[in-house]
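Geometric and topological summary
Letter by letter, the chains look like this.
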Amino acid sequence: MGNDGREKSIINVHLASGNENATLRAKQLDYLADAVRAESKGPPAREVVVQGDFNDSTKNVGAALEDAGLRRVVGG
């Protein structure tokens, strides 16, 4: 729980790597987006931070996770 009294969820990922796993990685990103939506909705509603090794381009990760309410704040 943060100083604001709101619960937070920190999700660390290491998605599948390599061109041969692009389909699997897309499914992992979809699953992650669903998890973020659920954590954000609650109960209780939580602020969500996702970090880790996405093994994908910023464009692909952003496309998958921005619709779930996330925004990029640091990184490559």
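What comes next concerns the included structure. (Residues numbered from 1 in each chain as written. Predicted model: local features only at pLDDT ≥ 70, side-chain atom pairs only at ≥ 80, totals over all residues. Heavy atoms only, no water.)

Side note on the nonpolar core
Counting residues in each nonpolar core, the largest one holds 15 residues, and the members touching the most others are Leu 32, Val 36, Val 50, Phe 54 and Leu 65. Among the elements of the structure, strand S1 (8-14), helix H1 (22-41), strand S2 (47-53) and helix H2 (58-65) are those that each provide at least two residues to this core. A per-element tally of this core places H1 first, with 4 residues. The residues touching Val 36, leaving out its near neighbours within four places in the chain, are Ile 11, Val 48, Val 50, Ala 68 and Leu 70. (Core = buried A, V, L, I, M, F, W, Y, C linked by side-chain atoms within 4.5 Å. Buried < 20%, exposed > 50% of the residue type's maximum accessible area, 1.4 Å probe, protein only. Helix = DSSP H or I, 4+ residues; strand = E, 2+ residues; numbered from the N terminus. Contact = heavy atoms within 4.5 Å.)

Digging into the environment of Arg 25
As for its position among the elements, Arg 25 is in helix H1. Residue classification places Arg 25 among the buried residues on the basis of a relative accessible area of 6%. Expressed as a C-alpha distance, the spacing of Arg 25 and Ala 45, which sit 20 residues apart in the sequence, is 27 Å. In terms of polar contacts, Arg 25 uses its side chain to reach the backbone carbonyl oxygen of Asn 55, at 3.1 Å. (Polar contact = N/O pair within 3.5 Å; in protein donor to acceptor, adjacent residues only side chain to side chain.)

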